[in-house]
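So you can see what is in the structure, the chains are spelled out below.
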Amino acid sequence: MSVLPPGFISTDDVLHDRLSASEVRRLELEHGNAELLYGLDLLGVAGPFSRVTPWELEDEAGVRRINASGYAATPFGEMPPALTGFLREFLEKNRAMALPQQSSSPWRAALEANLVRLLARELPSHADSQVFFCSSGTEAVEGALKFAKAFRPGSKFQISFGSGYHGKTLGSLSLTPNPEYQDIFRPLVPGALTVPYGDLDAFRALVRRVGPDKITCVIVEPIQGEGGVNIPPPGFLSGLGEYCRQHGIVVIADEIQTGLGRTGHWFESAAQGLDPDIITLAKPLGGGMTAVGATIARHDIYKKMLGGLSSKRHSNTFGGGALAMAVGLKSLEYLIENDFPARSLELGERGLHRLRETQRRFPRLLEGVRGQGLLLAMQFQPMLGVPLPGVLKELVFEATALLALRELHASGVIANLSLSSKRTVRLTPALDMPMDVFDTIFDRVDDFARRRPVSRDLLTGTPPVLLARLAKFAASKPKKRTPSDG
Ligand SMILES: Cc1ncc(COP(=O)(O)O)c(C=O)c1O
């Protein structure tokens, strides 16, 4: 029995489901990211959801849905038995320090070694690379940018690509060219330059114009995830790597979304012929259970920033903690033992085939579908086909994806929005999802398309009261929110 003061919520309350779903939403609207939750709540997709199987969730009414979301960070779904069984053993038997900032750690050592071995199998030049751990993707990118800057002191510019996404802390945000996320925070970290994704000629021209010596690094996603699943043209990444090598520009491959199997390869950059100097990893490394980020850098780059007494120049408190490392180690082991990248590639082809079929039959709903491995995208036709001025057009694009998300939800599929591509909804199912569950996703997407064959139907099929509430929400200033069901 807990003896917390009145009004406090105990772990027992949460563990034993004594907090009702509407109470959870109310608390979040009062004390959390209220506007986000309110919007999701209006759309009826706010949850909270509980796990039925690793791949299926249910809501408070007992409605089950397949989880094809998780923003690529749940490689084995929710509470995968492979990890939970191991965690029980870890909690019982582990004797290593939890937060070994000032000492060596068996868990950290093992994960460092395994990550470098895995990378060196694909890219032998990384055999003596070194790893720096952190607790999120954006932090892994910050680390990569600092490594690059320390390696090329005096250079001022960093290049990223249009529609790229690298995170939302100030350094990574500076290289995430999206006015929606950047504008209010200007001036950002100086020196960020942007080139259209996939355009090697434009990249070379920019380097020539600025001067290679002035350029610190280029950061690139081997396939853009939040940008809406954009696969670069063949030869782009290998050409980029070759050109940068000739000019001494540090290449950072941001594999936070693509890496460790999501797109069907251990490292998508390596699969596309790029041998980057620095690689960032995060999402799947935490097995969908905890936060693990990693920056892997070549030995000479690593030691330049963290050499001798300067080895404290970049640090954090939680990176490399035993629990995170143990989960990371087990996740990697499970991925390797089952060769999940190969499965991802195979399942992805099957899923993409199904999406193409749906798109072919319903081109007035789906403008396009694309993907590789289990990173799949559906781009919707705008709900209003009339030409609109910029801001309004963006709003219609965003509303299209939000209503599509709602309809998919109603059809039994939980999907992802795309942070830097407004009309694109993504499917990122678990890499170990059973085939019948996986196939059901595409049956349900198809059912949804049959119910709403034209994107305008997303609008006309939404109850007018809800549309009015959504419009009011979009037009209103942040204020105190109460649950939409309350
Ligand atoms: C390619 C890429 N880089 C960086 C990030 C940022 O990761 P996090 O959200 O863990 O900070 C993301 C997240 O979606 C990503 O897809």
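Values in this document were obtained by computation on a predicted structure and should not be read as measured data.

The geometry of helix 4 (residues 81-93) relative to helix 13 (residues 322-337) is characterised by a closest axis approach of 10 Å and an angle of 140 degrees between their N-to-C directions. Here helix 4 is positioned oblique relative to helix 13, judged by the angle of their axes. Relative to helix 13, the crossing made by helix 4 is right-handed. Listed contacts from helix 13 to Ala82, Leu83, Phe86 and Phe90 of helix 4 are Ala326, Val327, Lys330, Ser331 and Tyr334.

The strand order 4-10-9-8-7-5-6 describes an open sheet built from seven strands, whose pairing is mixed. Where the open sheet ends on each side, the last strands, each with one partner, are strand 4 (130-134) and strand 6 (192-195). Averaged over neighbouring strand pairs, the angle between their axes works out to 20 degrees when direction is ignored. Helix-sheet contacts for helix 6 (residues 137-151) involve strand 4, strand 5 (157-161), strand 7 (215-220), strand 8 (250-254), strand 9 (278-281) and strand 10 (293-297), and the interaxial angle to strand 10 is about 25 degrees.

As a further point, take the site of the ligand. Taken together, 15 residues sit near the ligand, with Gly137, Thr138, Gly167, Ile256 and Gln257 positioned nearest. Here the shell around the ligand takes three residues from helix 6, the largest share from any one element. Looking at the shell around the ligand residue by residue, the classes come out as five nonpolar, seven polar and three charged.

Another aspect to go through is the domain arrangement of the chain. You can read the domains of the chain as domain 1 (17-25 + 41-80 + 340-475) and domain 2 (94-337). Relative placement of domain 1 and domain 2: their C-alpha centres are 28 Å apart. Counting residues at the interface gives 30 residues for domain 1, matched by 25 residues for domain 2. Secondary structure elements with two or more residues in the side of domain 1 that touches domain 2: helix 14 (340-361), strand 11 (366-372), strand 12 (375-380) and strand 15 (424-427). Of all the elements, helix 14 adds the most residues to the side of domain 1 that touches domain 2, at five residues. Across the side of domain 1 that touches domain 2, the residue classes break down as 14 nonpolar, 13 polar and three charged.

Cut-offs used in this document
Residues numbered from 1 in each chain as written. Predicted model: local features only at pLDDT ≥ 70, side-chain atom pairs only at ≥ 80, totals over all residues. Axes fitted to C-alpha atoms, helices over the stretch in contact; angles between N-to-C directions. Helix = DSSP H or I, 4+ residues; strand = E, 2+ residues; numbered from the N terminus. Parallel < 35°, antiparallel > 145°, perpendicular 65-115°, else oblique. Left-handed = near helix turned anticlockwise from the far one by under 90°. Contact = placed C-beta atoms within 7 Å. Pairing = 2+ DSSP bridges. Near = placed C-beta within 6 Å. Nonpolar A, V, L, I, M, F, W, Y, C, P; charged D, E, K, R; others polar. Domains from an automatic or database assignment.

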